[in-house]
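One letter stands for each residue in the lines below.
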Amino acid sequence: MSGSYIIAIDFGTAYSGYAFSITSGQNQIDPLIKRWGNEHALDTPKTPTCILFKENEEFYKFGYEARAAYIKMRKDGGKKYLYFENFKMTLYGKALNSEVTIKAANGKTMKALKVFTEALTFLKDDALQTIFKNTGDRNFEASDFTWVLTVPAIWDASAKQFMREAATQAGIVTRGMEENLLIALEPEAASLWCKTLPADGFLVPNKDKSTLDHQPGTQYIVIDCGGGTIDITVHEVLEEGSLKGLHKASGNDLGGQTVDKKFKEFLSKIFCNGIWEEYEANYPSEVQKMMYDFTYFKQVDDDFQLTCPFNLGRIAQKMKDIEELFEAGSGASWDEGSIIITRDKLRSFFDDSLNGITKCLTEILQKDLQIQYILIVGGFAESKILRQHVYDQYGSMYRILCPVRPQEAILRGALMYGFTPELVVSRKSAYTYGLAVSGRFDASIHKQEKKFRAGVDELCSNIFMKLVEEGEDVGCHETRNHIFYPAESYVTSANFTFYRSESKNPVHVDDFGVQKVASFRIALPDTTAGTKRKVKLEIKFGWTEITATATDQATGSKGSTKIDFMIRS
């Protein structure tokens, strides 16, 4: 791996950005973070994760430029161009394959893999151009760097592989050089950075001027509050500052965009009788502008005033006097062209998200753990309402810490992860993983219909052979080896099919709740040794992804090492 040259990309649901280092890890003082929005009188560490394509699906713009161009488009232009935002959430809890499509704002669809690939291509090219400007006359290639790409901890392996495939198609890494791309779990990355912060690096209330204790044995929770997901991990500090996972990653899809959705639903109730539907269908770019403005309003904990767009007011006025739409007690009022929303109504938009955080934390805190701190990070943690909720619920029992720049925590931590991925020494497996194998038939546990004969032996097919158990500690450098033998002497290939389950002890691979997640085949051309032929399988579970290598011990040749978690359509 490139080692001293690192680029970290935080590809978020709402906002994305990158940081880079072109010095050695030991000499790195502070990561260099690209600043965005200068053309729009802004200065932010991330740009909106939105992308605009021309009618022929040719890439046009990304980030602030995409949003600004789309907002400026008039009715016809907005319908011809394909505009995507919040598209990262299409990977959450979905069965993925390379043909999956996602819907643009105008209702047209594109392949999700192309949308993600073009977004990552833009970020890659922009990063290399920025580095060139910062280093004078030296041209860097993507292959000169170790790349770190962040993903939610609660994503499954298929979503992580999808992102890796998009990164490969974007030219971030090439086939055969996949080790130059690290997949970092977002709350873990944030955790690494927060451990380095002094007391004044955290927001108030922090009355005792706490920092995150570095002493071995310290246990803490990280809540990554993103635009799409609430992502929670639990860590214990070990010797030399390394981290051990204490609980499998948990969370939900109730991030900041849930608040946006509630706000939009509220507007549709105010502008009822088809007013909002007509406006949204005919002026999608103006709706985007309203939602962009709301991003800043939801950071406060007070009444706020939103200017009513001209076209929305015009459509509403055709139906009835606008003031009549704002009923007493609705939480909103009309004031000379502006919509005023009360503090209580704003807080109500957060209910689902806050309840989701409480539910996840309650489950973790009921375990036999010695939690001392709760860290709040992520762009959604910019919200005073969210932070205050966590303080109110848990501040009397735990030290609550939120970095001054919570939106940057993952990005800065991802760069640190690029230098020292070994700092995370183990994680809890979210599932029980296993292989489909044949073995001795046991009438007391096996299904009768699975029984078959091989010579004089009674065997059972489709047995779930456990490789790792749900909740089990798996080391990040740990490789587990298994030896397999063919069931029949004449076979010239072996198929390895991987399954997962939330159950700790499934018996058969077709038991309820067992899912197929991957498979590959290895050639066994030399049949001389018959059923005594050895096939060695090496499983690496400890990284953020799962990899496997199968080797025919008779010939020394290796089978496919790629486990494809993306379902074929």
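Check the entry above for the structure.
What this report covers is the structure whose coordinates are included nearby. (Residues numbered from 1 in each chain as written. Predicted model: local features only at pLDDT ≥ 70, side-chain atom pairs only at ≥ 80, totals over all residues. Heavy atoms only, no water.)

**A word on helix 9 (residues 310-319)**
(1) Moving on: Every buried residue of helix 9 is listed here: Asn311, Leu312, Gly313, Ile315 and Ala316.
(2) Moving on: Residues of helix 9 that are buried make contact with helix 7 (275-282) and helix 8 (284-297). (Buried < 20%, exposed > 50% of the residue type's maximum accessible area, 1.4 Å probe, protein only. Helix = DSSP H or I, 4+ residues; strand = E, 2+ residues; numbered from the N terminus. Contact = heavy atoms within 4.5 Å.)

**Quick look at the sheet that holds strand 28 (residues 535-540)**
(1) Moving on: Spatial strand order, 25-28-29: 3 strands in an open sheet with antiparallel pairing. Either end of the sheet is taken by a strand with one partner, and the two such strands are strand 25 (479-484) and strand 29 (547-552). On average, adjacent strands in this sheet sit at an angle of 20 degrees to one another, irrespective of strand direction.
(2) Moving on: Pairing analysis gives 6 bridges linking strand 25 to strand 28, with the strands arranged antiparallel. Directly across from His482, in strand 28, lies its bridge partner Leu537. (Pairing = 2+ DSSP bridges. Axes fitted to C-alpha atoms, helices over the stretch in contact; angles between N-to-C directions.)

**Some remarks on helix 12 (residues 384-394)**
(1) Moving on: Every buried residue of helix 12 is accounted for by Ile385, Leu386, Arg387, His389, Val390, Tyr391 and Tyr394.
(2) Moving on: N-cap assignment for helix 12: the residue whose side-chain oxygen lies 3.2 Å from the backbone N of Ile385 is Ser383. (Polar contact = N/O pair within 3.5 Å; in protein donor to acceptor, adjacent residues only side chain to side chain.)

**Some words on the packing of aromatic side chains**
Given two aromatic rings, their pairing is described by the distance between the two centres and the angle made by the two planes.
(1) Moving on: This structure, assessed with the given rule, holds 33 aromatic pairs.
(2) Moving on: Between Phe116 and Phe162, the aromatic rings sit 5.4 Å apart at their centres with planes inclined by 85 degrees, giving edge-to-face as the arrangement. Here Phe116 is found in helix 3 (residues 112-135), whereas its partner Phe162 is found in helix 4 (residues 157-169), with 46 residues between them in sequence. For the pair formed by Phe116 and Phe162, the shared burial category is buried. (Phe/Tyr/Trp six-rings, centres within 6.5 Å; stacked < 30°, edge-to-face > 60°.)

**As for the pattern of salt bridges**
(1) Moving on: Using the criterion set out here, one finds 34 salt bridges in the structure.
(2) Moving on: For Arg35, the salt bridge goes to Glu408, with nearest N and O atoms at 3.6 Å. Note that Arg35 is positioned in the loop between strand 3 (32-33) and strand 4 (47-48) and Glu408 in the loop between strand 19 (399-401) and helix 13 (409-419), a separation of 373 residues in sequence.
(3) Moving on: A relative accessible area of 37% means that Arg35 is categorised as partly exposed.
(4) Moving on: Note on Glu408: relative accessible area 5%, which makes it buried.
(5) Moving on: The residue Lys536 makes a salt bridge to Glu538 at a minimum N-O spacing of 3.4 Å.
(6) Moving on: Exposure remark for Glu538: the relative accessible area of 29% places this residue in the partly exposed category.
(7) Moving on: Three or more residues joined by partner-sharing salt bridges are found here, namely Arg35, Asp43, Arg405, Glu408 and Arg412. (Salt bridge = Lys/Arg side-chain N within 4 Å of Asp/Glu carboxyl O.)

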